[in-house]
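Residue strings, one per chain:
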Amino acid sequence: MRCIRLLLFSAFLLMSLLAQSSEKNAWETRFEASGYKQTPRYAETMEYFSNFEKNTPYAKMFSIGKSPQGRDIPCLVVSKDKAFTAVSAKKEHKPVVLVINGIHSGEIEGKDACMLLLRDILVDKSQSKLLDHATLLIIPIFSVDAHERFGKFNRINQNGPEEMGWRTTAQNLNLNRDWMKADAPEMQAMLKLVVEWDPDFTVDTHTTDGADYQYTVTYGVEKYGNIYSGTSALLRKEFIPFMEQYVVDRGYYIAPYVGFKGGEPKTGLVDFPGTPRFSTGYAAVRNRIALLVETHMMKPYKDRVFATKAMLEAVLTFVNTNAEKLLALDKEADENSIKSLAQEKHALPVQFKSTDSASKYLYRGLKYSYDSSFVSGTTKTVYSKEPFEEEIPYYNVINAADSIMLPYVYLIPREWTVIIDRIKLHGITLKRTQGEQTLQVTKYKFREVTYAATPYEGRQGVSCKYDSFADTVIVPAGTYVVYPAQKTVRVIAHLLEPKSGDSFLRWGFMNTIFERKEYFEDYVMEKVAAEMLTHDPALKKEFEEKLANDKKFRESPNQRLNFFYERSSYFDKQQSVYPIMRVENNVNITTSDR
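Here we summarise the structure given alongside this text. (Residues numbered from 1 in each chain as written. Predicted model: local features only at pLDDT ≥ 70, side-chain atom pairs only at ≥ 80, totals over all residues. Heavy atoms only, no water.)

**Side note on the sheet that holds strand β9 (residues 269-270)**
- Taken in spatial order, the 4 strands of this open sheet run β8-β9-β13-β12, and their pairing is mixed. Where the open sheet ends on each side, the last strands, each with one partner, are β8 (259-260) and β12 (359-372).
- Relative to strand β13 (residues 379-395), β9 runs parallel, the two being bridged by 2 bridges. Along β13, the bridge assignment pairs L269 with Y394. (Pairing = 2+ DSSP bridges. Helix = DSSP H or I, 4+ residues; strand = E, 2+ residues; numbered from the N terminus.)

**Quick notes on the pattern of salt bridges**
- In this structure the tally under the stated criterion is 43 salt bridges.
- A salt bridge links D402 to K499; the nearest nitrogen and oxygen atoms lie 3.2 Å apart. One end of the pair, D402, is in strand β14 (residues 398-404); the other, K499, is in the loop between α13 (489-496) and α14 (504-507), with 97 residues separating them in the sequence.
- Relative accessible area serves as the criterion here: at 30%, D402 is assigned to the partly exposed category.
- K499 gets classed as partly exposed once you look at its relative accessible area, which sits at 26%.
- Taken together, the shared-partner salt bridges in this structure form one network comprising D178, K181, D183, R422 and R459. (Salt bridge = Lys/Arg side-chain N within 4 Å of Asp/Glu carboxyl O. Buried < 20%, exposed > 50% of the residue type's maximum accessible area, 1.4 Å probe, protein only.)

**Let's talk about helix α15 (residues 522-535)**
- With 14 residues, α15 ought to run about 20 Å at 1.5 Å a step, and its terminal C-alpha atoms sit 20 Å apart, in line with that.
- For α15, the full list of buried residues reads M525, V528, A529 and M532. The arc enclosing the buried residues of α15, seen along the axis, measures out at 105°, which places them on a common side. Pointing more than 90 degrees away from the buried face of α15 are the exposed residues Y523, K527 and T534. (Expected span 1.5 Å × (residues − 1). Arc of directions from axis to C-beta.)

**So, the sheet that holds strand β7 (residues 254-256)**
- Pairing within the open sheet is mixed, and its 8 strands lie in the order β1-β2-β4-β3-β5-β10-β6-β7. With partners counted over all chains shown, the strands left at the sheet margins are β1 (59-66) and β7, one partner each. The average undirected angle you get between the axes of adjacent strands in this sheet is 25°.
- Relative to strand β4 (residues 135-139), strand β3 (residues 96-100) runs parallel, the two sharing 5 bridges. Note that in β4 the partner of V96 across the bridge is T135. (Axes fitted to C-alpha atoms, helices over the stretch in contact; angles between N-to-C directions.)

**A look at the pairing of strand β15 (residues 409-412)**
- Across the two faces of β15 the burial is the same, with V409 and L411 and Y410 and I412 all buried.
- Here 3 bridges tie β15 to strand β20 (residues 581-583), and the two strands are oriented antiparallel to one another. What sits directly across from Y410, in β20, is R582.
- Pairing of β15 with strand β19 (residues 480-482), which is carried by 3 bridges, proceeds in the antiparallel orientation. Within the sheet, the bridge partner assigned to Y410 lies in β19 and is V482.

**Focus on unusual backbone geometry**
- In this model, G160 is joined to P161 through a cis peptide bond whose omega is 0°.
- Relative to the elements of secondary structure, P161 occurs in the loop between α6 (144-147) and α7 (185-197).
- For N287, which is not a glycine, the phi torsion comes out positive at approximately 65°.
- Mapped onto the elements, N287 comes out in the loop between α9 (279-285) and β10 (289-296).
- At K345, a position not held by glycine, the phi torsion is positive, near 60°.
- Tracing the backbone through its elements, the reader meets K345 in the loop between α11 (323-343) and β11 (348-354).
- Given the relative accessible area of 25%, K345 is considered partly exposed.

By themselves these figures say nothing about function.
Set out below in C-alpha cells:
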C-alpha cells in the first residue's frame, strides 16, 4: 500500500511539473525560443499580447485605428483595477504610462521587451507590484504596415534581429516626424488615444544609429525651456539619476542620447531639446514626460531587448513610487502654462541654441582610428573593440534663440478646414463666432519666402520672415476662435505661430498664400505706372532712388513695372498675408461651441 501511495504521489508530482513546464512553454516568446535572434511577425505578436487578455483578468486589448493597408493598431490596457477605459482609469487616480513600440518598425526591441515584462507582471507575478499605482498602456507595434515589410536587409547599421520591419509607413512617412502635422492615418489614431487617455509618462522605444561605443542604451528626455520648469526639475534631480542607476545595476552602460559637437567624441558631446515633431518634444508641449529609449545598434539583440526591459522597469518603478507627485505636477504644469503664457503673457521659447558652456562627462567609448578609403576616396573611421574612458566636454547649456508672445485669441477663417481638422486631433478646444463682428487684429505679412529644395515627409517646407501690422477687419460668422488659455496652450502656439519650426505654415500647409494669381500685361501697366508717377511725387522719388541704387532692378523691365503693380490698387492685398489673425487684448467676442 505504501508503495502504491508513493507511486501515485510521484505520478502526481510528475504531472504537476509537466503542467508547469507546459504552461511555461506556452508563454515562451519567439525571441527566447530562437536563442534571442528573432522577433515575431504581426499576427504572432498580436496573438501573444491577446493571450494576456484571455488568460488574466487585468488586461484588455482594443484597436486604436486602422493602418493604410487595413491592419488594426492594437493597444493593450493593463490595470489591477480593471480600469480598461480612459474614464475609469482617471477615476482610479493613478498615473497612466504609455509604451509605444515600433514607431520605426525596424527598431523593435521594445515589443519583445514588453512581452517579457508583461509575463513578469501578469503570469508569474514577480513584478506585479508595478501595477500597484499605475495603469499601463502598451502599443505592441505602432507602424504595423512597416512591420510587415519584413526582411533581413532593412537595417544596414543594426546587429539583429535576423529579420525586422521597415523605418517608414506604407505611405513612406516617418511617424516620429509626424506628431504635430499628423499626416499619417496611424498618427491621427495615436493622437486620439493620447487626447483621450492623457498619459502622464510616455516611453518611445528605438534603436539608434551613429557612432560605436560601450553603451548598450542611451536615452532622451526634455529638460530645457521647451517643458514646464517643475517637470524639468523632477527629471533632472530625481528621475534621471534613478533610471541610470537602475539600468547600471542590471549590468548595462547607459548615457544620454546626444551628438558629437565636432563629429567625434573627443570634441565633446552636445545635447539638444526635441522639437514637437518628435515624441519627446510633443509630450513636452503637452506638459507631460516622455522618455526616448535608444539602444545601441551594434550591441547583440539579446542585450538590447533586456536593456529596454530594464528601462521600462525603471520607469514603472519610479512612477509607482512617485504616483501622487506626478499627478500633482501634471496639474501644476497645466495651470501654470495657462497662467504664465496665456494670461500673464510671458514669452514662450520656440527655437533653441546650444552655448559654449560645458561640464565634464566621463565618456565610455571604443578606440578608433582613421584610414584612407579606396571606396569612398576619403578617410574612414575604423572602430576597434578596445574600450577607453575619457573625460570630455558635455555641452548641455541650452538657451532660447527665439520666442513668441501669445495673443488673447486666434481667429482662423472657416475655409481653412485642413488645419481645423488637425487642430481638433490635438484636443484643442475651438469655438465659432456668431454673426459678423468688427475687431482690431494683428496680421503677419511674409517676406523673403523660400521653399525647401526637396520635399520632406511629403511636404514642401517654407522658410520666411514676416512683419506684423494692425488692421480693423469684419470677422464673418462661423470664423473659428482659438483661446490659448487652455492646457494645450504650448501645442497651440507651436501650431499657429510661424516662428515655430513645426507650425502649419512652416510645414507647407498654407503655401497657396504665397502664390500670385493675377498678372498684368506690360502695355496696360505702362499706362497705369505713368499715371501713378504723375500723381504721386513720393512714389516717383522712391522709384528713382531704386533705379539709382539697384542695377538688377534698373535692367529688368518686368521688375520696374512690377514695382508699380505691387503699389497699385490692383495688387492682391492678401498675397503673403497670414490668414490666421491675432486679437491681442481681451475683447468680447460672441461665440458658440459649434
